[in-house]
Amino acid sequence: MSGTVEATQKAAAPETGGWQLEGRGPEAYEAYLVPKFFRPWADRLLAVAEVAEGERVLDVGCGTGIVARGAAPLVGDQGRVVGVDLNPAMLKTARKEASHLSPAIEWRHEDATELSFPDDSFDLVLSQQALQFVSDPPGLLAQARRVLRPGGRVGLNVLRPIRHNPSYGLLAEVLERHVGDDAGTMMRSPFPEWSGARLREFVLEAGFDEVSLHLDIRAVRYPSAEEFLRQEAASSPLAGPIAELEGSVRTRMIRHLEEVLQEYTDRDGVVFPMETHLVVAS
Ligand SMILES: C[S@@+](CC[C@H](N)C(=O)[O-])C[C@H]1O[C@@H](n2cnc3c(N)ncnc32)[C@H](O)[C@@H]1O
């Protein structure tokens, strides 16, 4: 480990919801993870949801706002874009990153399962990698349905189970061994055991129909196993626990990760598949 993991970042209290970041976490998330996969996923989600000029779009669990930021130029000045998230630090980064955009995006600190908007407020509700973190996923979808106009659409992006994202399973095992059980659980948390069929059921149960399922499978590359660990840790609530490890333990952890990622290693670093579901329903 290079020792550059953000030591100032603290793991947030678990009761504030899943995948919460404090301190420099949102900046690292925006710098590392957004360009690598959240932005390409957002582009694909906006395309399959067919965002149109003049539409009113809500981005639920918006994080640093990559989906909302992509939607703004598509809806144009006649449209409206709102991002909601439970984490004020993520919203602060979102606000900063979107300051130049038109139409201006509205950022709100709200729980996805208790939205304050009146019924029929939006044409499209999008949610990228947030459904698996809320305590009540059907509650998020019920709220999405409520705030949509009749005939409105919902678009979701949710990672496939960890067996389809094997390098994260390997990273989780390494973290479990060298940092602790909670670290392994945290690294597995973005990958719910939901099949495409289960996601379809979720949206049907919330009262949507005309469901279309899409798979997104892309290759993700890092210059080394160490850099994979460093960027993932800096962008997650694990930065604190990892920064607190003794140097010798961190070195052993990196060697271990290099070993287990051997079959995903080539001359240019490590490369592995990342698989996610996209679901659009109206
Ligand atoms: C992995 S991030 C995804 C962020 C963003 N959608 C993106 O594509 O970069 C998950 C986000 O869900 C948010 N979140 C978790 N539970 C939430 C809730 N109940 N209401 C609103 N946001 C929530 C977290 O704060 C976090 O920003």
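Structure: see above.
As the structure is a computational prediction, the values presented were derived from the model and not from experiment.

A. A look at the overall build of the protein chain. Per the secondary structure count, the protein chain includes 10 helices and 8 strands. For 282 residues, the compact-globule estimate of 2.2 N^0.38 gives 19 Å, and the protein chain sits close to it at 19 Å. C-alpha extents for the protein chain along the principal axes are approximately 60 × 35 × 35 Å. Across the protein chain, every contact between residues at least 6 apart in sequence was considered, and the portion connecting residues at least 24 apart equals 79%. Here the protein chain displays about 12,000 Å² of accessible surface, and carbon together with sulfur accounts for 49% of that area.

B. Quick peek at helix α5 (residues 166-178). Between its terminal C-alpha atoms α5 stretches 19 Å, which fits the 18 Å expected from 13 residues at 1.5 Å a residue. Just past α5, the residue G180 takes up positive phi, approximately 145 degrees.

C. View of the environment of S235. Here S235 lies in the loop between α8 (225-234) and α9 (239-243). Residue classification places S235 among the buried residues on the basis of a relative accessible area of 0%. Expressed as a C-alpha distance, the spacing of S235 and L33, which sit 202 residues apart in the sequence, is 7.3 Å. Among the polar contacts made by the side chain of S235, one reaches the main-chain carbonyl oxygen of Q231 at a distance of 2.7 Å.

D. Main features of the site of the ligand. Around the ligand, 21 residues are found, and the nearest of them are Y29, G61, D85, A112 and Q128. Within the backbone of L86, one N or O atom sits 3.3 Å away from a nitrogen atom of the ligand. At 2.8 Å from a nitrogen atom of the ligand is found a main-chain nitrogen or oxygen belonging to A112. Protein contact buries 98% of the 600 Å² of open area that the ligand shows by itself. The residue inventory of the shell around the ligand, partitioned by class, reads 11 nonpolar, 7 polar and 3 charged.

E. Here's a closer look at the pairing of strand β2 (residues 80-85). In terms of burial, β2 is largely enclosed, as 5 of its 6 residues are buried. Sheet topology places strand β1 (residues 56-60) next to β2; 5 bridges connect them, and they run parallel. Within the sheet, the bridge partner assigned to V60 lies in β2 and is V84. Regarding topology, helix α2 (residues 66-75) serves as the crossover connection from β1 to the parallel β2, and that connection is right-handed. Judged from the 4 bridges that link them, β2 and strand β3 (residues 106-109) form a sheet pairing that is parallel. Across the sheet, the residue bridging to G83 is W107, located in β3.

F. How the structure looks around the nonpolar core. If you look at the biggest cluster of nonpolar residues, it comprises 61 residues, and the most contacted ones within it are F37, Y168, L175, Y222 and F228. Considering every element that reaches this core, the biggest residue donor is helix α1 (residues 25-48), with 10 residues. Excluding anything up to four places from it in sequence, Y168 contacts F37, I162, M187, F191, Y222, F228, E232, F272 and M274. Formed by 28 residues, the second largest nonpolar core is a distinct cluster that contains V82, A112, F117 and L140.

G. Broad picture of the environment of R163. Position of R163 relative to the elements: it lies in the loop between β5 (148-159) and α5. Judged by relative accessible area, R163 falls into the exposed class, the value being 57%. For the pair R163 and E275, spaced 112 residues apart in the sequence, the C-alpha separation amounts to 9.7 Å. Reaching out from R163, the side chain makes a polar contact with the side chain of E193 at a distance of 3.0 Å.

Conventions and cut-offs
One numbering rule holds for all chains: residues counted from 1, following each sequence as written. In view of the model being predicted, local features appear only for residues whose pLDDT reaches at least 70, and side-chain atom pairs are presented and counted only at 80 or more, with totals across whole chains, interfaces and linings using the full set of residues. Note that water and hydrogens are dropped before the side-chain values are worked out from all heavy atoms of the structure. Per the convention used, a helix needs a DSSP run of H or I reaching at least four residues, while a strand needs a run of E reaching at least two, with both numbered from the N terminus. Both definitions apply: the radius of gyration is a C-alpha atom measure, and the globule rule equals 2.2 Å times residues to the power 0.38. Contact between two residues is taken to exist if any of their heavy atoms lie within 4.5 Å; hydrogens are not considered. Areas reported here follow the Shrake-Rupley algorithm with a probe of radius 1.4 Å; residue values treat only the protein chains shown as occluding. In this analysis, the expected span of each helix is defined as 1.5 Å times one less than the number of residues it contains. Burial here depends on accessible area, computed with a 1.4 Å probe over protein chains only, as a share of the maximum for the residue type. Under 20% is buried, over 50% is exposed, and the range in between is partly exposed. Counted as a polar contact is a pair of N or O atoms within 3.5 Å, where, for protein atoms, one must be capable of donating a hydrogen and the other of accepting one, and residues adjacent in sequence contribute only when both atoms are in side chains. Only a single heavy atom is needed: when it lies within 4 Å of a molecule or strand, its residue is near that molecule or strand. Residue polarity follows a fixed list, in which Ala, Val, Leu, Ile, Met, Phe, Trp, Tyr, Cys and Pro are nonpolar, Asp, Glu, Lys and Arg are charged, and the others, Gly among them, are polar. Should DSSP find at least two bridges between two strands, the strands are taken to pair. The definition of a right-handed crossover adopted here requires that, viewed with the strands pointing away, the path from the first strand over the helix to the second runs clockwise. Throughout, nonpolar core names a set of buried Ala, Val, Leu, Ile, Met, Phe, Trp, Tyr and Cys residues whose side chains join them through atoms within 4.5 Å.

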